[in-house]
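Tertiary structure, described
Residues per chain are reported as follows:
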Amino acid sequence: MTLTGPPMESSPVMTVERTTADRDLLLALLAPRAAGGPRRAAKILLQSGRRGLEQLVDGLPVDERQSAIEIATHLREQGVEVVFFDDPRYPDRLRRAPGAPLALFCRGPIELLEQTSVGVCGSRNASSNGLRAARACGQDAAALGMVVVSGYAKGVDTEAHLSALAAGGSTVAVLAEGISDFRLKQSYGNLPDGALSRLLVISQFPPRQRWTAGAAMTRNQVIVGLGDAVVVVEAGAGGGTLRAGEAALQTGKQLWVLGFPGEDPPGNQALLTAGGRRVANRAELSDGMRKLATEPRTQGLFD
């Protein structure tokens, strides 16, 4: 049976013949509903494997399964794949992070998830200094063959993504909404030919979920989890960038906090006080990334 075939009562949706990609899409859509939430689904996955989730999914009403087949068909047409927590392609550094997602909906080169990367966080309403710093971070990471991971928001995120792609590098855009709502921003239309082939878009949320402030906070945990180090470009006194920096420190992630001419932004000051490493200029940032790109992941950059 193909993905678009109707789920019959006598032929459960997860046990009929399908491709592995089709089954994964359906399981990612239905398992959280069947298990009572993504965390319970993740627990069942660890205890009973995929089969345990499939058995729960097969007990869902026919209309829910049919709706999932329609959504999965649309996702497949968009080139979306799923990487589950137990998939070898799921990056170990994210798997070890607190609250690691059950699955990631992915569109683009999934192999970027395993490459050495730097998470870049900063204000949506960054200063001119902050935007220049984000561009420098993206350019230098690209020159070193590192992947830039950021949140696809305006401001710092956009500058980091675009500068990495324009410099011939790769980037991962971590969405704070479902992947069905992903639209390429106008500014990405000015990139060199072929640059977008080096963009991976991922989301941990149901494909049709809308953006919320809470989802943006949760999304930042994935940015931190994916990065071998995290750069805080410009953080306010509160908000997602500050929380991301705090999460990096709590999990023992290397946290680089950019210094500014004159007075540092309030969030940067707080993170420096909490234990972040101040990076005073571009040369220091580039040197840190160079060491990160060449040293084994088991070693700390400043050990």
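Structure's up top.
A brief report on the enclosed structure follows. (Residues numbered from 1 in each chain as written. Predicted model: local features only at pLDDT ≥ 70, side-chain atom pairs only at ≥ 80, totals over all residues. Heavy atoms only, no water.)

1. Re the side chain of Arg65
Selection criterion: Helix and strand definitions here come from DSSP, where helices need a minimum of 4 consecutive H or I residues and strands a minimum of 2 consecutive E residues; each element is numbered from the N-terminal end. Using a 1.4 Å probe on the protein chains alone, a residue whose accessible area is under 20% of its type maximum counts as buried, one over 50% counts as exposed, and one in between counts as partly exposed. The definition of a polar contact used here is a pair of N or O atoms within 3.5 Å, where within protein one atom must be able to donate a hydrogen and the other to accept one, and adjacent residues in sequence count solely through side-chain atom pairs.
When you line up the elements, Arg65 lands in helix 3 (residues 62–77). Relative accessible area serves as the criterion here: at 2%, Arg65 is assigned to the buried category. Of note is the side chain of Arg65, whose polar atom sits 2.9 Å from the backbone oxygen of Leu60.

2. Observations concerning unusual backbone geometry
The phi angle at Tyr152 is positive, at roughly 60°, despite the residue not being glycine. Inspection of the secondary structure assignment puts Tyr152 in the loop between strand 4 (147–150) and helix 6 (156–166).

3. Observations regarding the environment of Gly36
By the secondary structure assignment, Gly36 is in the loop between helix 1 (20–35) and helix 2 (38–57). Given a relative accessible area of 62%, Gly36 falls into the exposed group.

4. Quick word on helix 3
What counts is decided by this rule: By this rule the span expected of a helix is its residue count minus one, scaled by 1.5 Å. Contacts are residue-level and defined by heavy atoms, with any inter-residue pair within 4.5 Å sufficient.
A rise of 1.5 Å per residue sets the reference length of helix 3, with its 16 residues, at 22 Å; its end C-alpha atoms lie 23 Å apart and thus fit the reference within 8%. Within helix 3, burial applies to Arg65, Ala68, Ile69, Ile71, Ala72, Thr73 and Leu75. Where helix 3 is buried, its residues meet helix 1, helix 2, strand 1 (80–84) and strand 2 (103–107).

5. With respect to the pattern of salt bridges
Where we set the bar: For salt bridges, the criterion is a side-chain nitrogen of Lys or Arg within 4 Å of an Asp or Glu carboxyl oxygen.
Tallying each qualifying case throughout the model produces 17 salt bridges. Across the pair Arg89 and Glu81 runs a salt bridge, and its minimum N-O distance is 3.6 Å. Accessibility expressed as a relative area gives 32% for Arg89, which makes it partly exposed. Note that Arg210 and Asp181 form a salt bridge whose closest N and O atoms lie 3.2 Å from each other.

Everything listed here is a matter of geometry and, on its own, says nothing about what the molecule does.
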